[in-house]
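Each chain, letter by letter, is given below.
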Amino acid sequence: MSRLNTAEVEPKWQSAWEEAGVFTATRDESKPKYYVLEMFPYPSGRIHMGHVRNYTMGDVIARYKISTGHNVLHPMGWDAFGMPAENAAIERGGHPATWTYDNIADMRAQMKPLGLSIDWSREFATCDPEYYGQQQAMFIDMLDKGLVYRKNAVVNWDPVDMTVLANEQVIDGRGWRSDAPVERRELTQWFFRISDFADELLSALDGLDNWPEKVRTMQANWIGRSRGLEFAFQLTAPTNGFAELPVYTTRPDTLLGASFVGISPDHPLAKSLEEGNPELAAFSADCRRMGTSEADMEKAEKKGFDTGLRVRHPLNPAWELPVWVANFILMDYGTGAVFACPAHDQRDLDFCRKYDLPVTDTFFALDNPRPVEDEAFVPPKTEPVRWVDHFAGLDVATGQEAIDATIDLAEKQGWGKGVTQFRLRDWGLSRQRYWGCPIPVVHCDACGVVPEKKENLPIELPRDVSFDKPGNPLDRHPTWRDCACPACGQPAKRETDTMDTFVDSSWYYARFTSPRAATPTDAEDAAYWMNVDQYIGGIEHAILHLLYSRFFARAMNQTGHLPEKAIEPFNALFTQGMVTHEIYVTQDDKGRPVYHLPESIEWTESGARLGESGAPVQVIPSAKMSKSKKNVVDPVNIIEAYGADTARWFILSDSPPERDVEWTAAGAEAAFRHLNRVWRIATDAAEASDAAGDAAEDQALDRATHRAIADVTEGVENFAFNAAVAKLYGFTNTLAKSKASGQARRRAVATLAQLMSPMTPHLSEEIWALLGNVGLVVRAPWPKADPALLVEDSVTLPIQINGKRKSEITVAADLPREEVEKIALADKAVQKALAGGQPRKLIVVPGRIVNVVI
RNA sequence: GCCCGAGUGGCGGAAUGGUAGACGCAGGGGAUUCAAAAUCCCCCGCCGCAAGGCGUGUGGGUUCGAAUCCCACCUCGGGCACCA
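About the cut-offs
Residues numbered from 1 in each chain as written. Chains lettered and ligands numbered in written order. Predicted model: local features only at pLDDT ≥ 70, side-chain atom pairs only at ≥ 80, totals over all residues. Heavy atoms only, no water. Helix = DSSP H or I, 4+ residues; strand = E, 2+ residues; numbered from the N terminus. Buried < 20%, exposed > 50% of the residue type's maximum accessible area, 1.4 Å probe, protein only. Contact = heavy atoms within 4.5 Å. Areas by Shrake-Rupley, 256 points an atom, 1.4 Å probe, with all protein chains shown as cover. Lys, Arg positive; Asp, Glu negative; His and termini not counted. Charge placed at Lys NZ, Arg CZ, Asp CG, Glu CD. Phe/Tyr/Trp six-rings, centres within 6.5 Å; stacked < 30°, edge-to-face > 60°. Lys NZ or Arg CZ within 6 Å of the ring centre and 35° of its normal. Domains from an automatic or database assignment. Near = heavy atom within 4 Å. Polar contact = N/O pair within 3.5 Å; in protein donor to acceptor, adjacent residues only side chain to side chain. Axes fitted to C-alpha atoms, helices over the stretch in contact; angles between N-to-C directions. Left-handed = near helix turned anticlockwise from the far one by under 90°. Nonpolar A, V, L, I, M, F, W, Y, C, P; charged D, E, K, R; others polar. pLDDT = per-residue confidence, 0-100. Pairing = 2+ DSSP bridges. Core = buried A, V, L, I, M, F, W, Y, C linked by side-chain atoms within 4.5 Å. Expected span 1.5 Å × (residues − 1). Salt bridge = Lys/Arg side-chain N within 4 Å of Asp/Glu carboxyl O.

This part is about the overall build of chain A. Assigned secondary structure in chain A consists of 26 helices and 36 strands. Expressed along its principal axes, the backbone C-alpha trace of chain A runs to roughly 105 × 85 × 65 Å. Buried positions account for 53% of the 854 residues belonging to chain A. The contacts of chain A with a sequence gap of at least 6 include a subset with a gap of at least 24, amounting to 71%. Element-wise, carbon and sulfur atoms account for 49% of the exposed surface of chain A, whose accessible area totals about 38300 Å². Here chain A contributes 91 positive and 119 negative side-chain charges, whose respective centroids are spaced 3 Å apart.

Tallying each qualifying case throughout the model produces 42 aromatic pairs. Geometrically, the ring pair formed by F574 and F719 is stacked, given 4.1 Å between the ring centres and 15° between the ring planes. Here the residue F574 occupies a position in strand β26 (residues 573–576), and F719 occupies one in the loop between α21 (695–717) and α22 (721–737), the gap between them amounting to 145 residues. When its relative accessible area of 12% is taken as the criterion, F574 is described as buried. A relative accessible area of 8% means that F719 is categorised as buried. Cation over ring: K151 sits above F191, and NZ or CZ is 4.7 Å from the ring centre. A cation over a ring is seen here: R185 above W157, with NZ or CZ 4.2 Å from the ring centre.

A separate point is the domain arrangement of chain A. Domain boundaries assigned for chain A yield domain 1 (225–422), domain 2 (579–654), domain 3 (664–789) and domain 4 (794–853). A straight line from the C-alpha centre of domain 1 to that of domain 4 covers 64 Å.

Turning next to the protein's contact with RNA strand B. Near RNA strand B lie 66 residues; those nearest to it are D79, N167, R433, D654 and N851. Counting only the atoms of RNA strand B that lie within 4 Å of the protein, the sugar and phosphate share comes to 64%. Here N167 contributes a backbone N or O atom positioned 2.6 Å from a sugar or linking oxygen of RNA strand B. With respect to RNA strand B, the side chain of N733 contributes an N or O atom lying 3.2 Å from a phosphate oxygen.

Where helix α3 (residues 83–92) meets helix α4 (residues 96–111), the axes come as close as 8 Å, and the angle between the chain directions of the two elements is 115°. Relative to α4, α3 is oriented so that their crossing is right-handed. In this structure, α3 uses P84, A85, E86, A88, A89 and R92 to contact α4, whose residues at the interface are P96, W99 and T100. Tallied by class, residues from the contact of α3 with α4 come to 6 nonpolar, 1 polar and 2 charged.

Another point: the confidence of the model for chain A. Averaged over all residues, the pLDDT of chain A is 90; the fraction at 70 or higher stands at 98%. For this predicted complex, the interface score ipTM comes out at 0.94, while the overall pTM is 0.92.

Take N210: it is sitting in the loop between α6 (198–203) and α7 (213–223). Taking the C-alpha atoms as reference points, N210 and F570, separated by 360 residues in sequence, lie 9.1 Å from one another. When residues no more than four places from it in sequence are discounted, the contact partners of N210 are N571, A572 and L573.

Quick look at the pairing of strand β21 (residues 448–451) now. Note that strand β20 (residues 441–444) and β21 share 4 bridges and pair antiparallel. When the bridges of β21 are listed, C444 appears paired with G448. Between β20 and β21, which pair antiparallel one after the other, the connecting turn spans 3 residues.

The next point concerns the nonpolar core. Grouped together as the largest cluster of nonpolar side chains are 156 residues, with contacts concentrated most on L429, Y508, Y509, F552 and W663. Top element by residues in this core is helix α2 (residues 49–67). It accounts for 9 residues. Shared between two domains, this core holds at least three residues of each, these being domain 2 (579–654) and domain 3 (664–789). With 29 residues, the next largest nonpolar core counts L245, V323, F339 and I403 among its residues.

With antiparallel pairing, 3 strands are arranged side by side in an open sheet as β14-β15-β16. Only two strands of the sheet have a single neighbouring strand rather than two, namely β14 (363–365) and β16 (396–398). Ignoring strand direction, the axes of neighbouring strands in this sheet form an average angle of 45°. Direction of pairing for β14 relative to strand β15 (residues 384–387): antiparallel, over a ladder of 3 bridges. Residue pairing across strands places A365 opposite V385, the latter belonging to β15. Packed onto the sheet, helix α12 (residues 399–413) meets β15 and β16 and runs at close to 90° relative to β16.

Here helix α20 (residues 665–687) is 23 residues long and its end C-alpha atoms lie 33 Å apart, about the 33 Å a rise of 1.5 Å per residue gives. Looking only at α20, the buried set comprises G667, A668, A671, H674, L675, N676, V678, W679, I681, A682, T683 and A685. For α20, the secondary structure elements touched by its buried residues are α18 (635–642), α19 (644–653), α22, α23 (742–756) and α24 (761–770).

Once that is clear, we can look at unusual backbone geometry. Glycine aside, a negative phi is what most residues show, and trans is what most peptide bonds show. Along the chain, L457 connects to P458 via a cis peptide bond; the corresponding omega equals -5°. Inspection of the secondary structure puts P458 in the loop between β21 and α13 (473–476). The residue after M530, namely N531, is reached through a cis peptide bond having omega 5°. Assignment of secondary structure puts N531 in the loop between α16 (523–529) and β25 (534–538). Even without being glycine, M162 reaches a positive phi, approximately 55°. In this structure, M162 sits in the loop between β3 (148–158) and β4 (163–165). Of the residues examined, M162 reaches a relative accessible area of 52% and is grouped as exposed. A positive phi angle, close to 50°, is found at D172, a residue other than glycine. Structurally, D172 is set in the loop between β5 (170–171) and β6 (174–175).

Across the sheet, 4 strands lie side by side as β4-β3-β7-β18; this open sheet has antiparallel pairing. One side of each edge strand has no neighbouring strand; the edge strands of this open sheet are β4 and β18 (427–428). Note that β3 and strand β7 (residues 183–192) share 10 bridges and pair antiparallel. Following the sheet pairing, V154 is matched in β7 by E186.

On inspection of all chains with the given rule, the structure shows 38 salt bridges. When the shortest N-O distance is used, the salt bridge between D266 and R288 registers 3.4 Å. Taken together, the positions of D266 in the loop between β10 (260–263) and α8 (268–274) and R288 in helix α9 (residues 278–288) put the pair 22 residues apart, joining distant regions of the chain. Of the two residues, D266 and R288, both sit in the buried class.

Tracing the backbone shows G241 in the loop between β8 (225–239) and β9 (242–249). As a C-alpha pair, G241 and S272 span 31 residues in sequence and 9.4 Å in three-dimensional space.

See the structure below:
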């Protein structure tokens, strides 16, 4: 018996696959195609266990599909633009391109030993000019189709570093480097018209049957379709040219509970009032000293400022409501103005209590007509309530009925109209940064904003830039901006904004179908390979990346870059959990936490200790692996110690794929031991004699083999990899104990190798070859379970008495119900419980259970 | 704050209306060995001497039967539009 030498075996098979070109995808109309894609990585420089998990799952699917006769496309690339490369350049010098391409080389070298079934000939990085040049071409097509436009939008402005900050760079309202309070500043920015597609993106979710329900729900809520009433409050006295204040509300039925009218600090009326009102100007300035993120705004203290203006209530002109500027009202949603109904909205109620504004109930719960105090009454819109005095003549009605009645009434009386609104906003794609895809337009004094000519693409990023000053290096480059206007030929200036990196990742899946094409896609390749049959990635991308990709596929279809069938680019989606690990922490002399890497910990009887000093270490429960907490395990070390198959096997074995998995050293060792055991069983079987054995033993092993085929196939098809692994453990245990003949054991081992091959491809090839098979296991057809060998002839039924398990009986699987009842009633425990009486009820679920109710 | 998830032995988990704890880890006992490593066998939810009882985050409900379905709550995680 030889020991398994992974350092030798794994590279050997990787070379064999490469030489045979097993994973190089070409169009082949004779086979069904299958496109499996994992979300491509950001090239941070090191692969981590999350990558191992993500790509191993995709690899299992890809290899399984190869063995079931599919023509598989399984590509890999790099999401290579983005802030970390610029941050590295600022902090350590060097160029973002150098940093990025070095990282890609490192990560590719770390990834290849995993033995993934990737077609590396299709690899690209989004920062390759060949890629982003095609992206620029599509941008121009989309501009031409009216899918892109410019408007003003607010950004986080760092007044010290004089630069735009990302939300993650704003910490407690301050810039991360300067520590200066950030300001909201308006810039003219480029936008995709994703909101034009809101209804379509929402309704098409219904067709995404193979997406997780939770992702579809999250997207539906994000798009946020609502039907409400739009109407205008008339100002009692026109001010600064404003005679009325249009508002949008989803609860027009509560109009009689209106307390005040609120407008955003960015509302045109609020801005016009600032000029003559220094106090308001100060208030609004204060509101603008806040990050732009919705979470920031929601968590901030609700503040308001009474403008002194008054509006008339639409249902009663004698009733005047005050107009307040409030910091929680978004200019981007609806009209930037709302009426507040404190009795039925907690935020409005808190605001009214704070500023002593009136609170008027408009409806009560049927069983509890108590006025609202400090808790707003917000029942579901489907719950009937009793109306205090509803202007549409309602008494008891649900919120939804009242909303509909109010909209009808307003339309009939002519003071308002029902409108459908979406929460989804247009996608702002401008970034004031260097390391992104340049937006291919030119600003000309004579012609305005002009798209670049396609023959001038790609508009490449200049290499000679410096990061010693904050802000966008493209802005201060001495010559890069200078160009000729594509329309009139006069000197003009390039746009210096680059694109959001979400644009890069919104179409890479399409580019993989023809990565070297001279156009963004190749029609025939896209028609053949699209859609992605199985997409795999983190749940953190449930909304933005996936929604943007869905939009982009539609926009690509409208500009002729994708076929109609590809407007929903991902047929099936699987969202995987994170990889976690325990955290080890000691404290320094000032009591601050000091984190330690897992490999520096030693386990003694008295607990975890630091290897060097022997100091006791506090163990904190698992959390997502992160550099700052040092609870990281480097896949490279694991592969060196145990081999890629062990890393792959363990990462699949311990948790359901959609849940978090905790990496443990003991678990990894157990995986390693198991694979060695499989190898030992295989070599024993290979060396066993050809003599005939006990036929019953052979048949029992054959049955177990076919049971395993059925169970593992089901596990792989349903993404229950941990369950498939558990079944493989079970089958291995059966095989190890089997007294079957050498021939029967070799049959079982060959099947075991095949069933394991998507997960542990190297070991499987080695066993496959050991057993004398010609060709690669990766190309062998997936085994089929023989139904005749799956049938059991007897079953054990638990006997419950009043729902509690008390006994069990073993009967023939096809025994008629009456016979099962007789045997069950004759059971000792049942007889005892009945004490001579009759059961009240007898429930027999064939093949499952018997319940005797007494 | 809002939206979406998850919670089962000492640990990771299995079971998606029908025997709770498959499989693995850790632990305990034994075999083999001069010894160790490796390997193999057995035990292993909690309380209880036992009979038996209890048990799937907490509290209620539906059902002959609930980890699974419904309601309320608690805790943890993801997202919140410029992190990727």
